[in-house]
Amino acid sequence: MAELVKCENVSKFYGKKEALSGLTLNLESGKIIGLLGPNGSGKTTLIKLLCGLLTPTNGQLSVCGMSVGAETKAMVSYLPERSYIPEWMKVSDILDYFQDFYTDFRRGLAEDMFGRLNIDLNHKVKTLSKGNKEKVQLVLVMSRNAKLYLLDEPIAGVDPAARDYILDTIISNYNPEASVVISTHLITDIERIIDDVVMLQYGHLKIHGSADAIRAEKGMSIDELFREVYRC
Amino acid sequence: MWNFNNDKPVYAQIIDEIMNRIASGAYPPGERIPSVRDLAEEARVNPNTMQRALAEIERSGYIVSQRTTGKYVTSDVSLIESLNSNRAEKIVSAFAEELKRAEIPFDMAIEMLRKMQ
Amino acid sequence: MLTKLIKHEMLHWVRTFSIFYIIYAVVAVITKILITVEISFGDNAEEHVFTTILLAIFGFILMLFSVMLPWISLAHNSNRFKKNMFSDEGYLTNTLPVTPAEHIGAKLIMGGISYICTCLLIFVCILLMIAGVNQEYIEMNIVFDEVQDFTMKNFGEMMLAFLLSVSIFVGILLLCYLAEGLAAINGGKKAIASGVAILGVVLAMIISSAIATVLRANGVDYDSNARVVAQIIFYLVADVGMFFLISYILKNKLNLE
């Protein structure tokens, strides 16, 4: 399993505030990785660094052996927490847009999923319900045949049925050459599907290991471990 | 159908469930079992984890892999029978313990079981 | 990727800017109609004061619009840069497999196309106003001939003037982008954007005249081409500098909230 992501002593400062500090982390391909930690632990910062939306203050990051840039962006599929589709676009418009810029975009797959979700391609995205908007963004992200999927809170604002759908989509999209990083608070929902766990605290790496190994060693679920590690 | 306890390794629980299916005949001997992908989607787990579990079951001989056609339950019926008797023994021993603790005579329990059949 | 970016810039431009063209065209047509009506009335001034007043109003609006429209196109382009790169849309834009140079280039090119089309539209409108009007009022043929003559005789100077205006134009757009970029990475304060823009213009004027002064002090003729060439060089250098600065901001200083 190739080294998909490599972080070497990465730090990110916002002025004096330290968001990430001395982070050294390697992620392999073919894994579903849970990125866990309380608010402010550096999860979103790490994800944004890997997408190229931020640059590190210190240290180096590489994706598939390359520094973050236009080439790595072609291999990384990012789902941010917020809605980022321009208000005026119809679903078909954003499909055109993705198809134009991403050679790995599988339009047929996306249209299939929209069909199954009963999302009309001619609807303006802004008229969709919140849950449907999130599903649209998720479908777009998962329809890319990327090497690294970065999902920032993909299930947080979404009803339980939609959550199941999202997790099923992640499972069925599994590709041994790619990895999926899921950053979330809703650990119980993703417990079963994650291979590895990365836990951050105050910008530092606290735990990195296989989920099942942790369960066997500590005799508790990842959710319980989280509560123990981050006890207030 | 697939109920998981999150504080134990998932792959171990997958092994238990599939072994149950083999033992009970839900996956009959010599028959093909669903693909890793299908099973993972059905159980809603990571295909990696499913693959690990199946690999371990294969190692203990209850599943056989044909490279082109998929995975099959072993045709060795005696193996499955001994699996079944092991399962039964575990459950019956646990039940016997409970009866002893509750001070219920075995004969009463046997009579009740017979009626339930 | 650059062509795809430009394609999407064009789609956006048609969607959001064509309304201005439509309004402008409507005002132009109405004004033309009023002009034609006014002329047809000839000397009967008293009977149609109403038309005259209407013509004055529309004529004024048209003139105002004609002067402002090219600047509106620049503002539109600059605003597009801000919104596309630094607002929520920025999450989509900045994760595209595209370099910052391509992003800036595409918007710059669109800005140029927008400006040229706008100027052409205004020119067409002027022609429309003059078309068919009695020869007493204007001699278009003579004007065209004179312009052609002048251009042929002073081709070199015309080219230099053209180059200078292009480098200043690119400079204005890049200055706007830079202002938006600096504002965005400093908490989105509009004051910063305006401040940078004004500072940029003032600096440009100061350095520009400084160059002229230095040249004159060294015996270079006031009207010679050398002065224009020196200014072109200054603006091109400033443009390249700003381009790199904006690229740097996009690559290294971006922080979308």
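Please read these numbers as outputs of a predicted model, since none were measured by experiment.

Caption draft 1: Broad picture of the overall build of chain B. Tallying secondary structure elements over chain B gives five helices and two strands in all. Ordered by position from the N terminus, the helices and strands of chain B form the series α-α-α-β-β-α-α. Over its C-alpha atoms chain B spans a radius of gyration of 17 Å, topping by over 25% the 13 Å that the globule rule assigns to 117 residues. If one aligns the C-alpha atoms of chain B with their principal axes, the spans along those axes are about 55 × 35 × 25 Å. Counting over 117 residues, chain B shows a buried share of 24%. Put simply, 58% of the contacts in chain B that link residues at least 6 apart link residues at least 24 apart.

Caption draft 2: Quick peek at the interface of chain C and chain A. Taken together, the 16 residues of chain C in the interface contact 17 residues of chain A. Of all the secondary-structure elements, those providing two or more residues to the side of chain C that touches chain A are helix H3 (90-93) and helix H8 (225-253) of chain C. Split by residue class, the side of chain C that touches chain A holds seven nonpolar, five polar and four charged.

Caption draft 3: Representation of the nonpolar core. Counting 122 residues, the largest nonpolar core has Leu50(A), Leu148(A), Tyr149(A), Leu150(A), Val181(A) and Met50(B) as its most contacted members. With 11 residues, the top contributor of residues to this core is helix H6 (residues 155-185) of chain C. Ignoring anything within four residues of it in the chain, the contact list for Tyr149(A) reads Ser77(A), Val141(A), Ala178(A), Val180(A) and Val181(A). By size, the runner-up hydrophobic cluster in this structure holds five residues, among which are Tyr24(C), Ala28(C), Leu62(C) and Cys125(C).

Caption draft 4: Summary view of the sheet that holds strand S6 (residues 76-79) of chain A. All names here are of chain A. As summarised here, the arrangement of the six strands in space is S6-S7-S8-S3-S9-S10, forming an open sheet in which the pairing is mixed. Bordering the open sheet on either side are S6 and strand S10 (204-210), each of which pairs with just one other strand. Strand after strand, the sheet turns through a mean of 15° between neighbouring axes, direction not considered. For strand S3 (residues 32-36) and strand S9 (residues 196-201), the ladder comprises four bridges, and the chain directions are parallel. Bridging across to S9, Gly34 finds its partner in Val197.

Caption draft 5: Spatial organisation of helix H2 (residues 49-86) of chain C. Residues and elements named next belong to chain C. For H2, with 38 residues, the first-to-last C-alpha span of 53 Å sits near the 56 Å given by 1.5 Å per residue. Within H2, the axis deviates most sharply at Met68, by approximately 40°, and proline Pro70 lies no more than four positions further along. The complete set of buried residues in H2 reads Leu62, Leu69, Ser73, Asn77, Ser78, Phe81, Asn84, Met85 and Phe86. Check the buried side of H2 and you find it contacts helix H1 (2-41), H3, helix H4 (100-130), H6 and H8.

Caption draft 6: How the structure looks around the confidence of the model for chain A. Taken over all residues, the pLDDT of chain A has a mean of 90, while the share at 70 or more is 99%. Across chain A, the element-wise mean pLDDT spans from 86 in helix H6 (residues 160-172) of chain A up to 96 in S6(A).

Caption draft 7: Expanded view of the pairing of S3(A). Residue and element names in this part refer to chain A. Along S3, five of the five residues are buried, which leaves the element largely enclosed by surrounding structure. The alternating pattern of S3 places Ile32, Gly34 and Leu36 on one face and Ile33 and Leu35 on the opposite face, and all of these are buried. Relative to strand S8 (residues 179-183), S3 runs parallel, the two sharing four bridges. Bridging from a neighbouring strand, Leu35 pairs with Ser183 of S8.

Caption draft 8: Representation of the arrangement of the chains. Sorting the two pairs of chains in contact by contact count puts chains A and B at the top. Left apart from each other, chain B and chain C have a closest C-alpha approach of 28 Å.

Caption draft 9: Main features of the domain arrangement of chain B. Residues and elements named next belong to chain B. Taken as a whole, chain B is organised into domain 1 (10-75) and domain 2 (78-116). Centre-to-centre separation of domain 1 and domain 2, based on C-alpha positions: 27 Å. Across the contact, seven residues belong to domain 1 and five residues belong to domain 2.

Caption draft 10: Representation of the interface of chain B and chain A in the model. Counting residues at the interface gives 15 residues for chain B and 22 residues for chain A. If you list the elements that add at least two residues to the side of chain B that touches chain A, you get helix H1 (10-24), helix H2 (36-43) and helix H3 (47-59) of chain B. For the side of chain B that touches chain A, the per-class residue count stands at seven nonpolar, four polar and four charged.

Caption draft 11: Structural detail: the packing of H2(B) against H3(B). Residue and element names in this part refer to chain B. Between H2 and H3, the shortest axis-to-axis distance is 9 Å and the interhelical angle comes to 115°. Crossing geometry of H2 relative to H3 is assigned as right-handed. Packed against H2, whose contacting residues are Val36, Arg37, Leu39, Ala40 and Ala43, the element H3 presents Pro47, Met50, Gln51 and Leu54 at the interface.

Caption draft 12: Region of the structure containing helix H9 (residues 222-229) of chain A. All names here are of chain A. For H9, the full list of buried residues reads Ile222, Leu225 and Phe226. One face of H9 carries all of its buried residues, which in axial projection span an arc of 105°. As for H9, its buried residues are in contact with S3, helix H7 (187-190), S9 and helix H8 (211-218).

Caption draft 13: Focus on the environment of Arg37(B). On the secondary structure map, Arg37(B) appears in helix H2. With 14 residues separating them in the primary sequence, Arg37(B) and Gln51(B) have C-alpha atoms 8.7 Å apart.

Caption draft 14: Local environment of the confidence of the model for chain B. Mean pLDDT over chain B: 89, with 99% of residues reaching 70 or higher. Model confidence for the complex is summarised by a pTM of 0.87, with the ipTM given as 0.90.

Caption draft 15: View of unusual backbone geometry. Residue and element names in this part refer to chain A. With phi around 50°, Asn9 is a residue other than glycine that occupies positive phi space. Within the secondary structure, Asn9 is located in strand S1 (residues 3-14). A positive phi is found at Cys64, a non-glycine position, where the angle reads about 50°.

Caption draft 16: Layout of the packing of H6(C) against H8(C). All names here are of chain C. One way to put it is that H6 packs onto H8 with a least axis distance of 8 Å and a crossing angle of 25°. By the criterion of interaxial angle, the relationship of H6 to H8 is roughly parallel. When the axes of H6 and H8 are compared, the crossing they make is left-handed. Considered class by class, the residues forming the contact of H6 with H8 number 21 nonpolar, six polar and three charged.

How each quantity is defined
- Residues numbered from 1 in each chain as written.
- Chains lettered and ligands numbered in written order.
- Predicted model: local features only at pLDDT ≥ 70, side-chain atom pairs only at ≥ 80, totals over all residues.
- Helix = DSSP H or I, 4+ residues; strand = E, 2+ residues; numbered from the N terminus.
- Rg over C-alpha atoms; globule rule 2.2 N^0.38 Å.
- Buried ≥ 20, exposed ≤ 12 C-beta atoms within 10 Å, placed from the backbone.
- Contact = placed C-beta atoms within 7 Å.
- Nonpolar A, V, L, I, M, F, W, Y, C, P; charged D, E, K, R; others polar.
- Core = buried A, V, L, I, M, F, W, Y, C linked by C-beta atoms within 7 Å.
- Pairing = 2+ DSSP bridges.
- Axes fitted to C-alpha atoms, helices over the stretch in contact; angles between N-to-C directions.
- Expected span 1.5 Å × (residues − 1).
- Bend = angle between axes of the 7 residues up to and from the residue.
- pLDDT = per-residue confidence, 0-100.
- Domains from an automatic or database assignment.
- Left-handed = near helix turned anticlockwise from the far one by under 90°.
- Arc of directions from axis to C-beta.
- Parallel < 35°, antiparallel > 145°, perpendicular 65-115°, else oblique.

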